[in-house]
Amino acid sequence: MRRILSGIQPTAKIHIGNYLGAVRNWVRLQREDYDPLFCAVDLHALTVPQDPAELRAATREMVATLMAAGIDPDRSTIFVQSHVPAHSELAWLFSCVTPMGWLNRMTQFKEKAGKHRDQAMVGLYTYPVLMAADILVYQATHVPVGEDQKQHLELAREIAGSFNHRYGVDLFPLPEPQILGEATRVMSLRDGTKKMSKSDASDFSRINLTDDADLIAQKIRKAKTDPEPLPSEPAGLDGRAEAANLVALYAAMAEQPPAAVLADYGGQNFAPFKAALADLMVAHLAPIAGELRRLLADPGTVEAVLARGAARARALGETTLAETQETMGLLARPTG
Ligand code: TYM
């Protein structure tokens, strides 16, 4: 049995990068022979300042969005990270066996902390240790993510392997990243060298799953390109970051290899290609936005899913946590 775990930060709206890089793959990995768990990682969101009321609303909305996109609570365990205290407790245990040198290598911290490293919060620095705990507390074997999470996954594997080795146990599997599809690193629509991100100041840098048809068409029409026509083969996209990004988006949405997309559009200018890309996105995203509106109007359904998800996740997490504590020499908890 494959145990799958993945998470998404409940900050701002989910965009097409999150969807194509992660969530759409999660939907497809809900198979009979897998045990998938998906969570809104609210504790990770706290590593940068948040407005409490907005975070609460965004967490509910993220869970509803995952359901609207096709995560089925009858096939997957859907929950909120902070509802399972074992994540934080395991993170502390891991932080006592993770050398600072491993964290110093993490590029995401360097990018997010920027020049003012001393003012960044400790939680932002130790974030990857909590992420390792998110995965390993369920002894997950597979982790479907976008490419930007690869380094964090490598750290989780290192922590799992070194823990097993240090204590002579076989407690944690080494989790495998699953980086799937044609759009594993979607770039900003304004700058093809920057990742599409929830935190970019410009809303025109990304397509949100809740954008309406007009806005999607407008954002794609305004997406940065270059003056050359589209090439006829993928090699012609080298050095053309914006064109490569739009072709990857089309390929992912149409589920065609980039070569097939360029066989249709090579030699043409961007206008008809952008119009077709906008149509594809609207056709795909409109039903998700409709289902999201329905779920947001029915908070009882989301609450019930979260209660069921938390109960199952807690039971699994507690078992691994107790075993880890015992392995490390903590006294077993008194019973009764
Ligand atoms: P987050 O919330 O930034 O993103 C959620 C998922 O979306 C993917 N993603 C992208 N994929 C393609 N192109 C993009 N531009 C793009 N932007 C984001 C991410 O790779 C991710 O899969 N640290 C994680 C959350 C996390 C987690 C975990 C993931 C916490 N614990 C345990 C897996 C397992 C994050 O910040 O994702």
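Predicted, not measured: the structure shown is a model, and the values here were computed from it. (Residues numbered from 1 in each chain as written. Predicted model: local features only at pLDDT ≥ 70, side-chain atom pairs only at ≥ 80, totals over all residues. Heavy atoms only, no water.)

## Side note on helix H10 (residues 241-254)
Now for step 1: The end-to-end C-alpha distance of H10 is 20 Å, a good match for the 20 Å that 14 residues give at a rise of 1.5 Å each.
Now for step 2: Across the 14 residues that make up H10, a large majority, 10, are buried.
Now for step 3: For H10, every residue scored as buried is listed here: Glu242, Ala243, Asn245, Leu246, Val247, Leu249, Tyr250, Ala251, Ala252 and Met253.
Now for step 4: In this fold, the buried residues of H10 make contact with helix H1 (16-28), helix H11 (258-265) and helix H12 (270-296).
Now for step 5: Glu255 occupies a position one or two residues after H10 and carries a positive phi of about 55 degrees. (Helix = DSSP H or I, 4+ residues; strand = E, 2+ residues; numbered from the N terminus. Expected span 1.5 Å × (residues − 1). Buried < 20%, exposed > 50% of the residue type's maximum accessible area, 1.4 Å probe, protein only. Contact = heavy atoms within 4.5 Å.)

## Here's the deal with empty space enclosed by the protein
Now for step 1: For the structure on display, the rule yields 2 cavities of 30 Å³ or more.
Now for step 2: Taken as a whole, the largest cavity encloses approximately 70 Å³ of empty space.
Now for step 3: Surrounding the largest cavity, Ala12, Lys13, Ile14, Ala58, Glu61, Met62, Thr65, Leu209, Thr210 and Leu292 form its lining.
Now for step 4: Top contributing element to the lining of the largest cavity by residue count: helix H3 (residues 52-69), with 4 residues.
Now for step 5: Residue composition of the lining of the largest cavity, grouped by class: 6 nonpolar, 2 polar and 2 charged.
Now for step 6: Two domains each donate at least three residues to the lining of the largest cavity, and these are domain 1 (2-178 + 299-328) and domain 2 (203-295).
Now for step 7: Quantified by volume, the second largest cavity comes out at close to 60 Å³.
Now for step 8: As for the second largest cavity, its lining consists of Gln108, Phe109, Lys112, Leu124, Tyr125, Tyr127, Pro128 and His152.
Now for step 9: With 4 residues, helix H7 (residues 122-136) is the single largest residue contributor to the lining of the second largest cavity.
Now for step 10: In the lining of the second largest cavity, the residues fall into 5 nonpolar, 2 polar and 1 charged. (1 Å grid on protein atoms, 1.4 Å probe; cavity = no way out; pocket = protein on both sides within 12 Å on 5 of 7 lines; lining within 4 Å. Points joined across faces, edges and corners; volume = space filled by probe spheres on them. Nonpolar A, V, L, I, M, F, W, Y, C, P; charged D, E, K, R; others polar. Domains from an automatic or database assignment.)

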